[in-house]
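Observations on the three-dimensional arrangement
Here's the letter readout for the chains.
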Amino acid sequence: MAYWSSPSLPLLGLLSLFLLTTITTTSAAPVTTTPIRLGIIRKPSPDNVPIFHEAPAFRNSEACGSPAKDHQIHVAMTLDANYLRGTMAAVLSILQHSTCPESLVFHFLWSRFEPDIHSSIKSTFPYLNFKVYRFDASRVRGKISKSIRQALDQPLNYARVYLADIIPTSVKRVIYLDSDLVMVDDIAKLWEVDLGDKVIAAPEYCHANFTQYFTEAFWSDKSLAKTFDGRNPCYFNTGVMVVDADRWRQGGYTQKVEEWMVVQKQKRIYHLGSLPPFLLVLAGNIKAIDHRWNQHGLGGDNIEGKCRSLHPGPISLLHWSGKGKPWLRLDSRKPCTVDHLWAPYDLYRSSKHTFEE
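None of the values given here were measured: they were computed from a predicted structure.

Definitions and cut-offs
- Residues numbered from 1 in each chain as written.
- Predicted model: local features only at pLDDT ≥ 70, side-chain atom pairs only at ≥ 80, totals over all residues.
- Heavy atoms only, no water.
- Core = buried A, V, L, I, M, F, W, Y, C linked by side-chain atoms within 4.5 Å.
- Buried < 20%, exposed > 50% of the residue type's maximum accessible area, 1.4 Å probe, protein only.
- Helix = DSSP H or I, 4+ residues; strand = E, 2+ residues; numbered from the N terminus.
- Disulfide = S-S within 2.5 Å.
- Contact = heavy atoms within 4.5 Å.
- pLDDT = per-residue confidence, 0-100.
- Polar contact = N/O pair within 3.5 Å; in protein donor to acceptor, adjacent residues only side chain to side chain.
- Pairing = 2+ DSSP bridges.
- Salt bridge = Lys/Arg side-chain N within 4 Å of Asp/Glu carboxyl O.

Things to note about the nonpolar core
Ranked by size, the top nonpolar core spans 55 residues in total, and within it F106 and L177 carry the most contacts. With 8 residues, the single largest contributor to this core is helix α2 (residues 84-96). Core analysis: the second largest hydrophobic core is formed by 49 residues, F214, F218, L224 and I286 among them.

And the structure:
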């Protein structure tokens, strides 16, 4: 018989075990859960959608009250069969550490209707408040240029550019998250970030060599290079962003990013998927937030995916950006040390095993 256990305590223990530096992880207020059904919820489908255990029902603490619309937290992610295992782990981690999990609304974007994926989410998280939207891949197919890694060239990787245009206009603010991460802090803290007059908030990394994100063709063209005049551009990772959806719509930021994608097709001014056009439009003009909200790069570099250790400092979110994904490395029995921090949130159950109710 398989038993599901709360990942909170194993995670804290693992952090202590694997970090060489002193790292503080903030634990969320306790939430009430209902017993989990022990067993596989659905059989493997012909489309080979992964099979998952049903997650427990996470309930609001008394301090939350009823999950009114005015107090909802909106989270957006993409849905891809290849990353579904990561998505499930990410959702579980967010619910697990949220003080008010019933106040969360998830907005999932996919490029085509896949009923097996929809039913898999529904059976894994029966109490989850979520909506699914179709992202029309034809909007970007003619604008995508080949990058250094095939995964970065998928149309769905560009869905974040169109996020504010796809979700309902009633959603004024949304947190966009990649599928290769887990949250170990209350998402409400990220939601409450003061954006001021900025369109997005994200951790900035001004120590990074910003010039490396663009080609010599870009920097040698004075008309292009002057794009950053008057700004102090810094790298930021688009896998974790708080977005003022209203300001994004009103400012026409989708079109601004698209314009740079057109330039890229003509002049080859960068190598990395959907990140550089975001930097061209917004670098040096975002609300910088604490680095604890994106401990990124845990997937290693974009070529070989070599193991990386955690950066020193407190952690609220662990992000396996880069080539290596924790579920693949764990399955291959060649995990990196940091992959064991993701494992407690993995709801996947191999079809090779039999689980009974």
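Moving on from the coordinates now.
Things to note about the state of the cysteines
Counted under the stated rule, the structure contains 3 disulfides. Each sulfur of the disulfide joining C64 and C100 lies 1.9 Å from the other. One quick way to see it: the torsion about the S-S bond of C64 and C100 is about -90°, and its sign makes the bridge left-handed. Highlighted residues: C64 in the loop between β2 (58-59) and β3 (73-78) and C100 in the loop between α2 and β4 (104-110), separated in sequence by 36 residues. The side chain of C206 participates in a disulfide bridge whose partner is C234; the two sulfur atoms lie 2.0 Å from each other.

Here we look at helix α11 (residues 275-282)
Most of α11 is tucked away: 8 of the 8 residues are buried. Residues L275, P276, P277, F278, L279, L280, V281 and L282 constitute the buried set of α11. On its buried face, α11 sits against β8 (200-205), α7 (216-219), β9 (235-236), β10 (240-244), α9 (245-250) and α10 (253-267). Following α11 by one or two positions, G284 has its phi on the positive side, about 85°.

Some thoughts on the confidence of the model for the protein
Summary statistics for the protein give a mean pLDDT of 86 and a share of 82% for residues scoring 70 or more. Contacts from residues 1-44, a stretch scored under 50 in pLDDT, to residues over four places away or in other chains number 99 contacts. Confidence drops under a pLDDT of 50 for residues 352-357, and excluding neighbours within four residues, the segment shows 11 contacts in the predicted structure.

Here's the deal with the side chain of N60
Mapping N60 onto the fold places it in the loop between β2 and β3. Taking the relative accessible area as the measure of exposure, N60 reaches 12% and is therefore buried. At 2.7 Å, the side chain of N60 forms a polar contact with the backbone nitrogen of E102. A distance of 3.5 Å separates the side chain of N60 from the side chain of S103, its partner in a polar contact.

Some thoughts on the pairing of β4
The element β4 is extensively covered by neighbouring structure, given that 7 of its 7 residues are classed as buried. The alternating pattern of β4 places L104, F106, F108 and W110 and V105, H107 and L109 on opposite faces, both of which are buried. Direction of pairing for β3 relative to β4: parallel, over a ladder of 6 bridges. Within β4, the residue paired with I73 across the bridge is L104.

What about the side chain of D346?
Topologically, D346 is positioned in the segment after α12 (326-331). Judged by its relative accessible area of 15%, D346 is buried. Among the polar contacts made by the side chain of D346, one reaches the main-chain amide nitrogen of Y348 at a distance of 3.1 Å.

Looking at the pattern of salt bridges
This structure, assessed with the given rule, holds 15 salt bridges. A salt bridge links D221 to K267, with the nearest nitrogen and oxygen atoms 3.5 Å apart. Separated by 46 residues along the polypeptide, D221 in the loop between α7 and α8 (222-225) and K267 in helix α10 bring together distant segments of the chain. Residues joined by salt bridges that share partners form a network here, namely R85, D331 and D346.

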